[in-house]
Amino acid sequence: MTDTENSPANERRSRWLVAGGMLGAFLASSCCIVPLVLISLGVSGAWIGQLTALEPYKPLFLLVAIGFLAAGFWDVYFRKTSVCEDGSYCARPQSSVIKQVALWSGALVVLAALTIDVWAPLFY
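Just so it is clear, the model here is predicted, and its values are computed rather than measured.

**Student:** Before we move on, could you go through the packing of aromatic side chains and cite the residues and values that matter?
**Tutor:** Tallied over the entire structure, the rule returns three aromatic pairs. Judged by centre distance (4.9 Å) and plane angle (70°), the rings of Phe73 and Trp104 are edge-to-face. Taken together, the positions of Phe73 in helix H4 (residues 58-78) and Trp104 in helix H5 (residues 93-114) put the pair 31 residues apart, joining distant regions of the chain. The class of Trp104 is partly exposed, set by a relative accessible area of 48%. Counting every residue linked through ring pairs, the aromatic cluster contains Phe73, Tyr77 and Trp104.

**Student:** Tell me about a nonpolar patch on the surface, residues and numbers included.
**Tutor:** Together, Val37, Leu41, Val43 and Trp47 give the surface a local cluster of nonpolar side chains, amounting to about 390 Å² of exposed area. Tracing the sequence through the fold places Val43 in the loop between helix H2 (33-40) and helix H3 (46-49). Val43 sits in the partly exposed class, given a relative accessible area of 33%.

**Student:** Let's hear about the environment of Ala112: which residues, and what values?
**Tutor:** Secondary-structure assignment places Ala112 in helix H5. Separated by 84 residues in the primary sequence, Ala112 and Ala28 have C-alpha atoms spaced 9.6 Å apart. If we skip the residues at most four places from it in the chain, Ala112 touches Ile33 and Trp119.

**Student:** Pulling in residues and values, what's your account of the nonpolar core?
**Tutor:** Core analysis: the biggest nonpolar cluster contains 18 residues, and Ala28, Leu62, Leu69, Leu103, Val110, Ala113 and Ile116 have the highest contact counts within it. When residues of this core are traced back to their parent elements, those giving at least two are helix H1 (8-29), H4 and H5. Tallying contributions element by element places H4 first for this core, with six residues. In contact with Ala28, not counting residues within four places along its chain, are Lys58, Phe61, Leu62 and Ala113.

**Student:** Describe the UniProt feature "transmembrane region" (unreviewed entry) in the protein, naming the residues involved and giving the relevant values.
**Tutor:** Mapped onto the present numbering, the UniProt feature "transmembrane region" (unreviewed entry) falls at residues 21-48, 60-78 and 101-122. Between the end C-alpha atoms of residues 21-48 there is a gap of 24 Å, over a span that is 71% helix and 0% strand.

**Student:** I'd love a proper account of the environment of Ile48, names of residues and values included.
**Tutor:** Topologically, Ile48 is positioned in helix H3. In the structure, Ile48 is positioned 17 residues away from Cys31 in sequence and 9.3 Å away in space, judged by C-alpha atoms. Contact partners of Ile48, with chain neighbours within four places excluded, come to Pro35, Leu38, Ile39 and Val43.

Analysis parameters
- Residues numbered from 1 in each chain as written.
- Predicted model: local features only at pLDDT ≥ 70, side-chain atom pairs only at ≥ 80, totals over all residues.
- Heavy atoms only, no water.
- Phe/Tyr/Trp six-rings, centres within 6.5 Å; stacked < 30°, edge-to-face > 60°.
- Helix = DSSP H or I, 4+ residues; strand = E, 2+ residues; numbered from the N terminus.
- Buried < 20%, exposed > 50% of the residue type's maximum accessible area, 1.4 Å probe, protein only.
- Patch = residues over 30% accessible without salt bridge, like charges linked within 9 Å, V, L, I, M, F, W, Y side chains within 5 Å.
- Areas by Shrake-Rupley, 256 points an atom, 1.4 Å probe, with all protein chains shown as cover.
- Salt bridge = Lys/Arg side-chain N within 4 Å of Asp/Glu carboxyl O.
- Contact = heavy atoms within 4.5 Å.
- Core = buried A, V, L, I, M, F, W, Y, C linked by side-chain atoms within 4.5 Å.
- UniProt positions renumbered as here; feature names shortened; annotations may be inferred.

Here it is in structure tokens:
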């Protein structure tokens, strides 16, 4: 293995991909799912209605989220694993589990945003 595979830059890139996937999933759901969740939790206000103004951008947000999630899944599951130094964060098994949970959570949010027209009428 080369030194570049062991570098903290790979770990940093992996974190950015996971964070981008989560941010994209949140943006993709901001027009539809977030208002539904907030109202279900009892949060109200006129500002919630303004979130529907993001509806025209939903396809773009979904595309960005799917791109980041795909890159994140590739990085976590298909990229060659690098050897980490003992005692570093990437050497701990929790780092991989946290990334996997974040990616799968983001994927579920994106899936919910894609299929909202099917299941949202059940809540109205």
